[in-house]
Amino acid sequence: MNILATESWQTSKALNIFVNLISNACTIIVLATLLLLISWRLTLIISISLFLISQFIHFVTHRVKQLAQQAVEANSQLAVRMWEGLGGMRAIRSFGQEPYEQERFDRASEHVRNTFLQLDVLGGIINPLYEVLSAVLLLVILGISLLQNQSAMPTLLTFLFILYRLQPQVQQIDVARIGLISTSSSAQLVMSFLETADKPYIRSGNVPFDKLKQAIYLALSYLLC
């Protein structure tokens, strides 16, 4: 029930992130080509700098995968508590175990809340951190370029404008990577659930069964008579 109700939606979210990731990658290729045509040296410096920023953000948010696995387990445990509580309601009331079961459910629910809260916090760190680091990078490039060649201001402004358009796309790549990591455990669980090779399913036969129809017809005729 947990896989059908919760993890399948997380897997759908992962597919949506993957499609957006392809779109962002295409946009980055076009904008990066324009930057290379304007100045390959600055583009190389920008690429190295953005890669370092990306690695730094990845280091800051390294616990995402671990938290994603914890979120899957917490959701599963909460579903078990809900199912046991509803299915065993008569036994719980007969033995007066309502406070005990309520405490177990509250612990499972609190664990789910805390886990997803930590995931949201780590996801929310990416945007402001990336914005600050990118702004510092732009200011440094602008200062160095002006000191070296003040006459190339129009070209520099064009380069910075394209870089300004490129920066959110690169930022979305990091956001998508964190999103894919956080939903990877759910996707693996759903794929394991859909896998049929390692499960003892009852296979349907290929011989048509048509004798029961006549028996039902005869029984109905007998009852009506």
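Attention in this report is confined to the structure presented alongside it. (Residues numbered from 1 in each chain as written. Predicted model: local features only at pLDDT ≥ 70, side-chain atom pairs only at ≥ 80, totals over all residues. Heavy atoms only, no water.)

## What to know about helix α3 (residues 64-87)
- Along its 24 residues, α3 runs 34 Å from first to last C-alpha, staying within 8% of the 34 Å computed at 1.5 Å per residue.
- For α3, the set of buried residues is Val64, Leu67, Ala68, Ala71, Val72, Ala74, Asn75, Leu78 and Arg81. (Helix = DSSP H or I, 4+ residues; strand = E, 2+ residues; numbered from the N terminus. Expected span 1.5 Å × (residues − 1). Buried < 20%, exposed > 50% of the residue type's maximum accessible area, 1.4 Å probe, protein only.)

## Remarks on the nonpolar core
- Core analysis: the biggest nonpolar cluster contains 25 residues, and Ile46, Leu50, Leu163 and Leu166 have the highest contact counts within it.
- Breaking this core down by element, the ones donating at least two residues are α1 (2-38), α2 (40-60), α3, α5 (98-148) and α6 (153-194).
- If one sorts the elements of this core by residue count, α6 sits on top with eight residues.
- Excluding residues that lie within four positions of it along the chain, leucine 166 makes contacts with Ile28, Leu31 and Leu35. (Core = buried A, V, L, I, M, F, W, Y, C linked by side-chain atoms within 4.5 Å. Contact = heavy atoms within 4.5 Å.)

## Re the packing of α1 against α6
- Axis separation between α1 and α6 bottoms out at 6 Å; the angle between their running directions is 155°. Accordingly, the angle class assigned to the pair α1 and α6 is roughly antiparallel. The interaxial crossing formed by α1 with α6 has left-handed handedness.
- Of the residues in the contact of α1 with α6, the class split is 24 nonpolar, 12 polar and three charged. (Axes fitted to C-alpha atoms, helices over the stretch in contact; angles between N-to-C directions. Parallel < 35°, antiparallel > 145°, perpendicular 65-115°, else oblique. Left-handed = near helix turned anticlockwise from the far one by under 90°. Nonpolar A, V, L, I, M, F, W, Y, C, P; charged D, E, K, R; others polar.)

## Here's the deal with the side chain of asparagine 75
- Structurally, the position occupied by asparagine 75 is in helix α3.
- A relative accessible area of 10% places asparagine 75 in the buried class.
- Residues contacting asparagine 75, with those up to four places away along its chain left out, are Asn2, Thr6, Glu7, Val112 and Phe116.

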